[in-house]
Amino acid sequence: MRFKSFVLVLVLLVLSFSIFMSVYATDVELNTIEGPGNVPFYLSRFVEFADKTGIKVNLNVIPYGRDAGIKLIASFIAGGEQYDVFLIDCIEVAQYAEAGWVMPVDKWITPDLEKEIVPFAKDGMMFKGHWYGLPYASEWKSFVYNDKMLKNADYTEFPKTWDDVVKYSQKLQDSGVVKYATAFSWAQKESLICDFVAIAASFGGDFFDADLNPLFNKGGAVEALQWMVDSLYKYKIVDLASIMWTEDNVDAAMQSGDIAYQLSWGYPLVRLNDPDKSSILDQAKIGLMPSVDGKHPYTVSGPMGWSISKGTKYPEEAWKFIEFIAGPEGSKVAAIQAGMFSGWKSVLNDPEVQAGVPGLEDMAKQADYIVNRPIVPWYHEFSVMLAEKLHEALTLKKSPQDALNEAIEETLKIKTEYEKATK
Amino acid sequence: MELNSTLEAKDKKLGYILIAPTLIILFLVVIYPLLYAFYISFYNMNVAIPWKGKIFVGFDNYISVIQDISWWKAILRTFYFVIADIVVGIILGLMIALLLNKKLIIKSLIFAIVLFPYVLPPIVNALMWKLIYDSNYGLLNGMLYQFGFISDYIAWLSKTNLAIIMLIIANLWQGTPFAVILFLSGLKSIPLELYEAARIDGSSSWQSFKYITLPLLKPIIYILIVMKTILTFKIFDLIYALTGGGPANTTQVVSMKIYNESFNFLKFGRASAMSYILLGVVTCFVIIYMKLFEEKKETEN
């Protein structure tokens, strides 16, 4: 009897305490989730935001950034309250917007912001005419080369064509400067799609037409995939480990001086000139993306931004946060301190940013030659399928033409199935 | 008497109250999700199209999965993984257990070293092997190159014919200690008099092993076959961390396929159907094993 009473009193106490805490905890706290990159930067900015506004931001760190998507989706299905603000990739905007998971922020967008934003960064944050966040890492893949290594092989300029890349690479390897001239992020993941889109565009290939019909089994796209295969097995200028590498592995190889060039997101020279991370200080430079004729140096864009969950209890506070971290002022800080590519014109033209971000002037030359991946709600399923097919070509299981033909068939199935399911 | 039964009833009631929280949690975390997954396997449920809700499709999800060649390829790959794990794992486990059953001076130290992989979290094991297999700085390449077994470093996880073998090795490294523990306990339970009698009759070590040790360890071998089948069929952490199913799907086991269906394509209905088909496949194997083992036991009796 006494024990029963004790258990009952204990349960009542715990319940009362929980109710008290939930009713009387009035401080606004925002929650977000991210991968391990840039955690110290985020934490310092969150402290600044809290000091300025009194709004605390809690960061949930997970081992691999892209896995945040799964946790975010789980939270959206459960109502969207768990994470108030989050980083969104351009390839996720369409799906999240269609599903009603992300809050449109049109009401907060002023004419000044609209004028300020770089066009491709705006495209990355918009779907069907609505804004779904502010641009944060409005980046593309730049061609980065180790100038010192090229000079050691008697080259005074970066390679402009893919034939030049082969020629330079073979000389670099034959003269013992590097074992492999380059490496790419060709793991069976989204990183492979990004590289394929960039290389295909530089070969004059098209990905999709205006009506979202896939076109990548003809012309330049097939030639691009053939070049990728040849670079591994015929010319042997790309490290075979690239087949299992993502961007982090390629960055590490470049930082260690193992390769002479790479494609890199963001402001690569901020990282490559950081003595804590790189052993090739002041050796790297930015060039234009090589292309088939030297005249179409196209690369792929990957704008990301900060968005607000539709289920957040604090939309106004969430907007204050994303304006702080991703608006023009916040973007300037992120550019200088964390190497985040700004989507705001004033930041890109800011002398302090240009001085603080090495290579920005060279990178800006690439801005006229950018292609986007399709902004469609069925992108994830398409991406997983295309990565499988590209890998079948890269591992010699299928020819590039066969692999891309199959990819086209599957793409049409995915598109049709989605359209049927959403009618 | 009446007082005793009243006290017993009160004890039982208290017992139910005390285990109630555990049962509630078990129901919410295990039973309910299992039942819900079975329920939604009969629905077309894409969480990225929430305005459509769940649409009842009957057995369409199951039929679509069974007609999907990539599904059966994943099953075959997983089965290959399972067979390798069973055969090599049991032989290796038995060999190590036989060694540890001897009188050795540093037996405790060897036992601790042998058991170490088993206590590592699976993801830590996976990340460790990722470093070992690294094509430029990995321990495996370094060792083989230094000893002259290879003339150039190999990108182990980039080769379609090698990637799954490297995963099997990584899995065996972690799973074998479990077999060692079971075999060791089995060996300790074999009466020494049997070996004495065999020695007196002039049996060799091999004959003792073949006619005494092995038959008496059969129940443990059967248990290991069943458990390894169940555990290896649902292997995920290692594949996810090391290869993600690549290169070119050559390591895409069935759990990765289900993961893609649910967390990349967000088709929870079809993913649930896949899970229950997998459950059916594994259950079939277990039933086949049990029948075979029972028949064998009857024959031996």
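Residues numbered from 1 in each chain as written. Chains lettered and ligands numbered in written order. Predicted model: local features only at pLDDT ≥ 70, side-chain atom pairs only at ≥ 80, totals over all residues.

Caption draft 1: A look at the overall build of chain A. For chain A, the helix and strand inventory stands at 19 helices and 12 strands. Relative to a compact globule of 423 residues, whose C-alpha radius of gyration would be 22 Å, chain A shows 24 Å and is just as compact. Principal-axis analysis of the C-alpha atoms gives chain A an extent of 85 × 55 × 50 Å. A burial count over chain A gives 50% of its 423 residues as buried. (Helix = DSSP H or I, 4+ residues; strand = E, 2+ residues; numbered from the N terminus. Rg over C-alpha atoms; globule rule 2.2 N^0.38 Å. Buried ≥ 20, exposed ≤ 12 C-beta atoms within 10 Å, placed from the backbone.)

Caption draft 2: Fine view of the overall build of chain B. Secondary structure summary: chain B contains 12 helices and two strands in total. By principal-axis analysis of the C-alpha atoms, chain B measures approximately 85 × 80 × 40 Å. For chain B, with 301 residues in total, the buried portion stands at 30%. A separation of at least 24 residues holds for 68% of the contacts in chain B among residues at least 6 apart in sequence. (Contact = placed C-beta atoms within 7 Å.)

Caption draft 3: Geometry of the sheet that holds strand 8 (residues 261-264) of chain A. All names here are of chain A. Here we have three strands laid out as an open sheet, ordered 8-7-9, and antiparallel in their pairing. One side of each edge strand has no neighbouring strand; the edge strands of this open sheet are strand 8 and strand 9 (284-287). Sheet twist, expressed as the average angle between the axes of neighbouring strands with direction ignored, equals 30°. Inspection of the sheet shows strand 7 (residues 142-146) paired to strand 9 by four bridges, in the antiparallel sense. The residue of strand 9 that forms the bridge with Tyr145 is Lys285. (Pairing = 2+ DSSP bridges. Axes fitted to C-alpha atoms, helices over the stretch in contact; angles between N-to-C directions.)

Caption draft 4: The environment of Phe233 of chain B, seen in detail. All names here are of chain B. The residue Phe233 is located in helix 9 (residues 205-233) in this model. The buried category is assigned to Phe233, around which 21 C-beta atoms lie within 10 Å. A C-alpha to C-alpha distance of 19 Å links Phe233 and Gly93, two positions 140 residues apart in sequence. Setting aside its immediate chain neighbours within four residues, Phe233 contacts Thr78, Val82 and Val282.

Caption draft 5: Expanded view of the sheet that holds strand 3 (residues 85-89) of chain A. Residues and elements named next belong to chain A. Strand order in the open sheet made by the three strands is 3-11-6, with antiparallel pairing throughout. Because the sheet does not close on itself, it has two edges, and the strands there are strand 3 and strand 6 (134-137). Averaged over neighbouring strand pairs, the angle between their axes works out to 40° when direction is ignored. Contacting strand 3 and strand 11 (304-308), helix 4 (residues 90-99) runs over the sheet at an angle of about 115° to strand 3.

Caption draft 6: Examining the confidence of the model for chain B more closely. Here chain B averages 91 in pLDDT, while 97% of its residues score no lower than 70. The complex model carries a pTM of 0.87, and its ipTM stands at 0.85. (pLDDT = per-residue confidence, 0-100.)

Caption draft 7: Spotlight on the interface of chain A and chain B. Taken together, the contact between chain A and chain B spans 25 residues of the former and 24 residues of the latter. Looking at the side of chain A that touches chain B, the elements with two or more residues in it are helix 3 (68-77), helix 4 and helix 18 (379-394) of chain A. Tallying contributions element by element places helix 18 of chain A first for the side of chain A that touches chain B, with six residues. Looking at the side of chain A that touches chain B residue by residue, the classes come out as 12 nonpolar, seven polar and six charged. (Nonpolar A, V, L, I, M, F, W, Y, C, P; charged D, E, K, R; others polar.)

Caption draft 8: Inspection of the confidence of the model for chain A at higher detail. The share of residues in chain A with pLDDT of 70 or more is 97%, and the mean pLDDT across the chain is 91. Averaged over each element, pLDDT in chain A is lowest for helix 1 (residues 2-24) of chain A (71) and highest for helix 10 (residues 220-233) of chain A (97).

Caption draft 9: Spotlight on the pairing of strand 2 (residues 56-61) of chain A. Residues and elements named next belong to chain A. Strand direction decides the pairing type here: strand 1 (residues 29-34) and strand 2, joined by six bridges, are parallel. Paired with Ile33 across the strands is Asn60, a residue of strand 2. Regarding the hand of the β-α-β motif, the stretch spanning strand 1, helix 2 (residues 39-53) and strand 2 is right-handed. (Right-handed = clockwise from strand over helix to strand, strands pointing away.)

Caption draft 10: Focus on the pairing of strand 3 of chain A. Residue and element names in this part refer to chain A. Counting buried positions along strand 3 gives five out of five residues, so the element sits mostly inside the fold. Where burial is concerned, the two faces of strand 3 agree: the one with Val85, Leu87 and Asp89 and the one with Phe86 and Ile88 are both buried. Summarising the sheet, strand 3 and strand 11 pair through five bridges and their orientation is antiparallel. Residue pairing for strand 11: Leu87 is matched across the bridge by Trp306.

Caption draft 11: Just helix 10 of chain A, in detail. Along its 14 residues, helix 10 of chain A runs 20 Å from first to last C-alpha, staying within 8% of the 20 Å computed at 1.5 Å per residue. Buried residues in helix 10 of chain A make contact with helix 8 (162-174), helix 9 (190-202), helix 18 and helix 19 (400-421) of chain A. (Expected span 1.5 Å × (residues − 1).)

Caption draft 12: The nonpolar core, seen in detail. All names here are of chain A. Tyr132 and Ala200 are the most contacted members of the largest nonpolar core, which has 168 residues in total. No other element matches the nine residues that helix 9 contributes to this core. No fewer than three residues from each of domain 1 (27-139 + 303-367) and domain 2 (142-300 + 378-421) sit in this core. (Core = buried A, V, L, I, M, F, W, Y, C linked by C-beta atoms within 7 Å. Domains from an automatic or database assignment.)

Caption draft 13: Seen up close, helix 4 of chain A. Residue and element names in this part refer to chain A. Most of helix 4 sits out of view: nine of its 10 residues are buried. All buried positions along helix 4 are accounted for by Cys90, Ile91, Glu92, Val93, Gln95, Tyr96, Ala97, Glu98 and Ala99. The positive-phi residue at the C-terminal boundary of helix 4 is Gly100, with phi of around 75°.

Caption draft 14: Layout of the domain arrangement of chain A. Residues and elements named next belong to chain A. Along its sequence, chain A is carved into domain 1 (27-139 + 303-367) and domain 2 (142-300 + 378-421). Tallying the contact residues gives 15 residues for domain 1 and 16 residues for domain 2. Where the side of domain 1 that touches domain 2 is concerned, the elements lending two or more residues are helix 4 and helix 17 (360-364). When the residues that make up the side of domain 1 that touches domain 2 are grouped by side-chain class, the tally is eight nonpolar, four polar and three charged.

Caption draft 15: Highlighting the packing of helix 4 (residues 107-119) of chain B against helix 7 (residues 163-188) of chain B. Residue and element names in this part refer to chain B. The interhelical angle for the contact between helix 4 and helix 7, taken along N-to-C directions, is 120°, at an axis separation of 7 Å. When the axes of helix 4 and helix 7 are compared, the pair comes out oblique. Of the two elements, helix 4 crosses helix 7, and the hand of that crossing is left-handed. For the pair formed by helix 4 and helix 7, the contact residues are Val114, Leu115, Pro117 and Tyr118 on the first element and Trp173, Gln174, Pro177, Phe178 and Val180 on the second. Residues that form the contact of helix 4 with helix 7 fall into these classes: eight nonpolar, one polar and no charged. (Parallel < 35°, antiparallel > 145°, perpendicular 65-115°, else oblique. Left-handed = near helix turned anticlockwise from the far one by under 90°.)

Caption draft 16: Spotlight on unusual backbone geometry. That bond from Gly246 of chain B to Pro247 of chain B is cis: its omega, -5°, falls within 30 degrees of zero. Tracing the backbone shows Pro247 of chain B in the loop between helix 10 (237-242) and helix 11 (254-264). Within the chain, Lys128 of chain A stands out as a residue other than glycine whose phi angle is a positive 50°. Secondary-structure assignment places Lys128 of chain A in the loop between strand 4 (126-127) and strand 5 (130-131).

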